[in-house]
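# Fold and geometry: a report
The primary structure of each chain is shown beneath.
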Amino acid sequence: MKIAIYDDSREDSLSLKAFLGGHEVRVYSDADSILADLEAKGMRFDLYLLDIYMEGSLNGIELAKTIRNMDGEAVICFVSTSDEFYREAYDLYAIQYLIKPVRKEALKRLIDRVSNDFAKKKKK
């Protein structure tokens, strides 16, 4: 599975990446980099893990809106220290909303859910 992590905390990004061993993971700490890969290079990911609070860049909600406009089927999960943005996440059809620090078990359940959804789509 191809997974994009968007987080300005190096520690949080590395922790998520370590939990996702065995998957193709790219880490982004600013919106310009991920948008360049999506727009200019045409890259797509199976799952986007987006931090909401980002210093000096688009916040995760703003980035999710942009991604959603580019790819209506994008699978987005928000990762945040706060549950303040549940409503916005729901409006953007996020598959999950994880609170930091993310537990390995919660991330595993998310990956299993996304994998199962992909398997069901392939059968159709």
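Coordinates for the structure precede this section.
A few points on the structure. (Residues numbered from 1 in each chain as written. Predicted model: local features only at pLDDT ≥ 70, side-chain atom pairs only at ≥ 80, totals over all residues. Heavy atoms only, no water.)

Inspection of the sheet shows strand β1 (residues 2–6) paired to strand β2 (residues 24–28) by five bridges, in the parallel sense. Paired with A4 across the strands is R26, a residue of β2. In this fold, the crossover linking β1 to β2 by way of helix α1 (residues 10–19) has right-handed handedness. (Pairing = 2+ DSSP bridges. Helix = DSSP H or I, 4+ residues; strand = E, 2+ residues; numbered from the N terminus. Right-handed = clockwise from strand over helix to strand, strands pointing away.)

Our focus in this paragraph is the pattern of salt bridges. Here the structure, examined in full by the defined rule, presents seven salt bridges. The salt bridge partner of D37 is R26, with a shortest N-O separation of 3.2 Å. Residue D37 is located in helix α2 (residues 31–39), and its partner R26 is located in strand β2; the two are separated by eleven residues in the primary sequence. Between K41 and D37 there is a salt bridge; the shortest N-O distance is 3.2 Å. A single salt-bridge network, built from bridges that share partners, covers D7, D12, D51 and K100. (Salt bridge = Lys/Arg side-chain N within 4 Å of Asp/Glu carboxyl O.)

This brings us to unusual backbone geometry. The amide bond that connects K100 to the next residue, P101, takes the cis arrangement and shows omega of -5°. For P101, the location among the structural elements is in the loop between β5 (96–99) and α5 (104–123). Phi is positive for Y93, which is not a glycine, with a value near 60°. With respect to the secondary-structure elements, Y93 resides in the loop between α4 (86–91) and β5.

Taken together, D83, E84, E88 and D91 make up a surface patch of like negative charges. On the secondary structure map, E84 appears in the loop between β4 (76–80) and α4. The exposure class of E84 is exposed, given its relative accessible area of 51%. (Patch = residues over 30% accessible without salt bridge, like charges linked within 9 Å, V, L, I, M, F, W, Y side chains within 5 Å. Areas by Shrake-Rupley, 256 points an atom, 1.4 Å probe, with all protein chains shown as cover. Lys, Arg positive; Asp, Glu negative; His and termini not counted. Charge placed at Lys NZ, Arg CZ, Asp CG, Glu CD. Buried < 20%, exposed > 50% of the residue type's maximum accessible area, 1.4 Å probe, protein only.)

Here the focus is the pairing of β1. With four of five residues buried, β1 lies mostly within the body of the structure. As judged from the four bridges shared by β1 and strand β3 (residues 47–51), these two strands associate in the parallel manner. Looking at the pairing, A4 lines up with Y48 of β3.

Let us look at the sheet that holds β2. Strands sit in the order β2-β1-β3-β4-β5 across an open sheet of five strands; the sheet is parallel. Here the strands that pair on one side only, and so sit at the sheet edges, are β2 and β5. Each strand axis lies, on average, 20° off the axis of its neighbour in the sheet, ignoring direction. Alignment of β3 against β4, held across four bridges, turns out to be parallel. Among the inter-strand pairings, Y48 is bridged to a residue of β4, identified as I76. (Axes fitted to C-alpha atoms, helices over the stretch in contact; angles between N-to-C directions.)

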